[in-house]
Structures are given as structure tokens and as C-alpha cells.
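Here is how the chains run, residue by residue.
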Amino acid sequence: KNCIKVSYAASCNGIKIDNLDKNKLRLLEQAFSDFQYLGVRDSLTEYVVKRATKSEKYIHNCDPTFLLDFEKDGLDKDFIDKLLGKLKRKYKWDANKKHIGLMLSNLNGNLGEILIQHLKGYFGNDYEIVSIYSYCEYADIPYISDLTPFEWSRIFSLFDITFSKYFHGTLLSIMNGTPVISLSAEIEAAGIPSKVEDVLSRLNLMEFYYPSKNASDIEWESLMVKVKTLIENPPITKMERSVMKEREYAESFFSNIKELKSRC
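Along each chain, residue indices are assigned from 1 in the same order as the chain's sequence is written. Given that this is a predicted model, residues contribute local features only at a pLDDT of at least 70 and side-chain atom pairs are listed and counted only at 80 or more, while totals for whole chains, interfaces and linings are drawn from all residues. Each side-chain value is worked out from all heavy atoms of the structure, with water and hydrogens disregarded.

Asker: Could you clarify how one ought to interpret the pattern of salt bridges in this entry?
Answerer: Should the charged atoms of two oppositely charged side chains come close, the side chains can pair. Salt bridge criterion: a side-chain nitrogen from Lys or Arg within 4 Å of a carboxyl oxygen from Asp or Glu. Per the counting criterion, the structure on display carries 14 salt bridges. Note that Asp 146 and Lys 90 form a salt bridge whose closest N and O atoms lie 2.3 Å from each other. Taken together, the residues span a long stretch of sequence, with Asp 146 in the loop between strand S6 (141-144) and helix H5 (149-155) and Lys 90 in helix H3 (residues 77-91) at a distance of 56 residues. Three labels apply to residues, based on accessible area from a 1.4 Å probe with only protein chains included: buried if under 20% of the type maximum, exposed if over 50%, partly exposed otherwise in between. Residue Asp 146 is classed as partly exposed on the basis of its relative accessible area, which comes to 25%. Through salt bridges with shared partners, a single network forms among Lys 86, Lys 90, Asp 146 and Glu 151. Only DSSP runs of H or I with at least four residues qualify as helices, and only runs of E with at least two residues qualify as strands; both kinds are numbered from the N terminus onward.

Here is the structure:
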């Protein structure tokens, strides 16, 4: 199409790099060369662009999740109080307890069950364990099914710690000042970190990274000690600074858009 083309935080996560033969790389090079601004999100995408174009045409952008501004977007304390009221009414959320959030997958086998067994064994009943995103029958609240996107973005603020298999569960925990154990099951490709490892490395928060495919990979006693340490001493200032720094990687995109608009 004869138009200006730009991308913001594009990602080719999951691409099979070995399948990029010469013909595919040639097609990618032609496509990439047509972009006025090529913003990418992660190291794997940087690698693909560099391999196709033999140049560093890309510019790093932060994931758009980082652009949420809870205060300016009306997602501040009043919003959280309303969310908490909804959780109390519909899910019998116990306001007298602390909370641990789970964002796992039903594809993780018995990981959720064994994780909860260890949490209950270590912390007793001090914490109410809440499962979001997928159903977990062993959690105190097995599944919260009706969150709006904005409620979803803020429920992480109600947890003392999150266990997340997912990229955005990790990001939203950090943005809410909640420590997270990122149980990423993704593996490196061509020596390039997974998207979760990549973003935590950029944020200088690798203490949250705990790669694991299933329960048998985990050294549970040391993990519980790690959980206790993060709950009692959450690196809140470090998280806030990391988010603000990563957010700056959006600025070049908006500056470029303004410049392109001025030419039209």
C-alpha cells in the first residue's frame, strides 16, 4: 500500500528462527525497508530484523502496557476500592487476609496444586490464594471470571506477590508495585532470551525470574524462602524506577509520528 508505515513494539515472539530461509529473509527485508519507523519490543525481534536487513534498522519500544498511567487514567485508589467491593460481593474476598495471586495455565499440569500445597505448608492460612486467568480448583478463590480490562490491570495491586507464567502478568505486577515470581516455561532461541527473561533483564529485575516448566523443576524450600523475602522486602523503589526508565522507550515513536504528520 502506498502509505506511511510504522510499527510500535512489534514482536515475533515464538517464530521458528531456523525456518527463515533465504527466500523468507528476502521477503522480510523488502517489508522492513518499507517502514519509516520500525519499533520492536524484544531481543528476538531485533535479531530477526538484523538478520533480514543486515542492519540495526529497528528501535526498541517498551510494551504498550507500560504506557498505562494509573492516576491519570482514573485507576487510582477510588477505582481499587470499587474493585475490592466487587470482589468481596461476588467472590467472598477476605479483606482480613493477605493475598497471593496465581496467573498460571491449565497446561502446567499439577504445578498449581503443588505450588498451593507448599504455600499453605509454609505460610499456613495467613494468605488467601486467588487464581486469575485460568481455573485452579485448589486456590481459595479458584477463578475470577469477569474482570474488565482496567480491573484486570489493577487487581495485581491487591496481591502481596504474584506467581505468573505470563509476560503481561509479570509486567502488570511490577507496574502495581507487587513482586512477582515469573515461572516462565519459554526457552531461549538461538541463544536469545525468552520475552520474559528479556524484559526482566532490561528492567534489572532478574530476581523475579524463575524459569520452570513443571513442578519437578522447582527446589521448593528455597523458592518459599525467596517468596517470604520478596513479600517482606519488596523492591518497590527499584520497580518504580525501572518502569519509568522503560516507559521512555516510547518517546521516539511519538516524536516520529509528530514529525511525519508535519510533513503531510
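Past the structure itself, the notes keep going.
Asker: Hey, could you run me through the packing of aromatic side chains in this one?
Answerer: Ring pairs (aromatic) are described by centroid distance and by the angle formed between their planes. Only the six-membered ring of Trp is used, alongside the rings of Phe and Tyr, when aromatic pairs are assigned; centres must lie within 6.5 Å, and planes under 30 degrees apart are stacked while those over 60 apart are edge-to-face, with the rest tilted. Enumeration over the complete set of coordinates arrives at 10 aromatic pairs. An angle of 55° between the planes, with centres 4.7 Å apart, marks the rings of Tyr 133 and Tyr 166 as tilted. Taken together, the residues span a long stretch of sequence, with Tyr 133 in the loop between strand S5 (127-132) and S6 and Tyr 166 in the loop between strand S7 (161-164) and helix H6 (167-175) at a distance of 33 residues. For Tyr 133, a relative accessible area of 43% gives the class partly exposed. Pairing Phe 156 with Phe 159 gives two aromatic rings, centres 6.1 Å apart and planes at 85°, and the pair type is edge-to-face. With a relative accessible area of 0%, Phe 156 lands in the buried category. Note on Phe 159: relative accessible area 5%, which makes it buried. Put simply, the rings of Trp 93, Tyr 133, Trp 152, Phe 156, Phe 159 and Tyr 166 pair up and form one aromatic cluster. Between the NZ or CZ atom of Lys 165 and the centre of the ring of Tyr 166, over which it lies, the distance is 4.7 Å. Ring-over charges, as used throughout, are those where CZ of Arg or NZ of Lys falls within 6 Å of the ring centre and within 35 degrees of the ring normal.

Asker: What is the right way to read H3 from this model?
Answerer: Multiplying 1.5 Å by the residue count of a helix minus one yields the expected span of that helix. The first and last C-alpha atoms of H3 sit 20 Å apart over 15 residues, in line with the 21 Å expected at 1.5 Å per residue. Buried residues belonging to H3 abut S6 and H5. Immediately downstream of H3, the backbone of Lys 92 shows phi near 55°, a positive value. For this analysis, residues touch if any pair of their heavy atoms sits within 4.5 Å.

Asker: When you look at the sheet that holds strand S2 (residues 37-40) in this model, what are you seeing that I'm missing?
Answerer: Spatially, S1-S2-S3 is the arrangement adopted by the 3 strands of the open sheet, whose pairing is parallel. Because the sheet does not close on itself, it has two edges, and the strands there are strand S1 (6-10) and strand S3 (59-60). Pairing geometry for S1 and S2, over 3 bridges, is parallel. Of the residues in S2, the one forming a bridge with Ala 10 is Val 40. The angle between two axes is taken between their N-to-C directions and runs from 0 to 180 degrees, where each axis is a line fitted to C-alpha atoms and a helix contributes only its stretch in contact. Of the strands in this sheet, S1, S2 and S3 are in contact with helix H10 (residues 251-263), which crosses S1 at around 170°. Should DSSP find at least two bridges between two strands, the strands are taken to pair.

Asker: What am I meant to see in the packing of helix H1 (residues 22-33) against helix H2 (residues 43-53) here?
Answerer: To characterise two packed helices, one gives the angle between the axes of the helices and the distance between these axes. Where H1 meets H2, the closest approach of the two axes is 8 Å, and the angle between their N-to-C directions is 100°. Between H1 and H2, the crossing angle belongs to the class labelled roughly perpendicular. In this structure, H1 uses Leu 25, Leu 28, Glu 29 and Phe 32 to contact H2, whose residues at the interface are Val 48, Val 49, Arg 51, Ala 52 and Thr 53. For the contact of H1 with H2, the residue count by class is 6 nonpolar, 1 polar and 2 charged. Angular relationships are summarised with four words: roughly parallel below 35 degrees, roughly antiparallel beyond 145, roughly perpendicular across 65 to 115, and oblique for the angles in between. In this classification, the charged set is Asp, Glu, Lys and Arg, the nonpolar set is Ala, Val, Leu, Ile, Met, Phe, Trp, Tyr, Cys and Pro, and all remaining amino acids, among them Gly, are polar.

Asker: What exactly am I supposed to notice about helix H8 (residues 220-232) here?
Answerer: Three or four residues apart is the spacing at which side chains of an α-helix point the same way, because the helix has 3.6 residues per turn. The end-to-end C-alpha distance of H8, which contains 13 residues, comes to 18 Å, matching closely the 18 Å that a straight helix rising 1.5 Å per residue would cover. Along H8, the residues that are buried comprise Trp 220, Leu 223, Met 224, Val 227, Leu 230 and Ile 231. Down the axis of H8, the buried side of the element spans an arc of 125°, and every buried residue falls inside it. Turned more than 90 degrees from where H8 packs its buried face, Glu 221 and Glu 232 sit exposed. Contacts made by the buried residues of H8 are with helix H4 (111-123), S5, S7 and strand S8 (180-182). Note: the arc covers the axis-to-C-beta directions of the helix.

Asker: Mind showing me how you'd approach the sheet that holds strand S4 (residues 98-103) here?
Answerer: Hydrogen bonds between backbone groups are what pair the strands of a sheet, and the pairing can be parallel or antiparallel. Reading across from one edge, S6-S5-S4-S7-S8 is the order of the 5 strands in this open sheet, with parallel pairing throughout. Both edges of this open sheet fall to S6 and S8, since each of them pairs with a single strand only. For this sheet, the mean angle separating the axes of adjacent strands, direction not counted, is 25°. Sheet topology places S4 next to S7; 4 bridges connect them, and they run parallel. When the sheet's bridge partners are listed, Ile 100 is paired in S7 with Ile 161.

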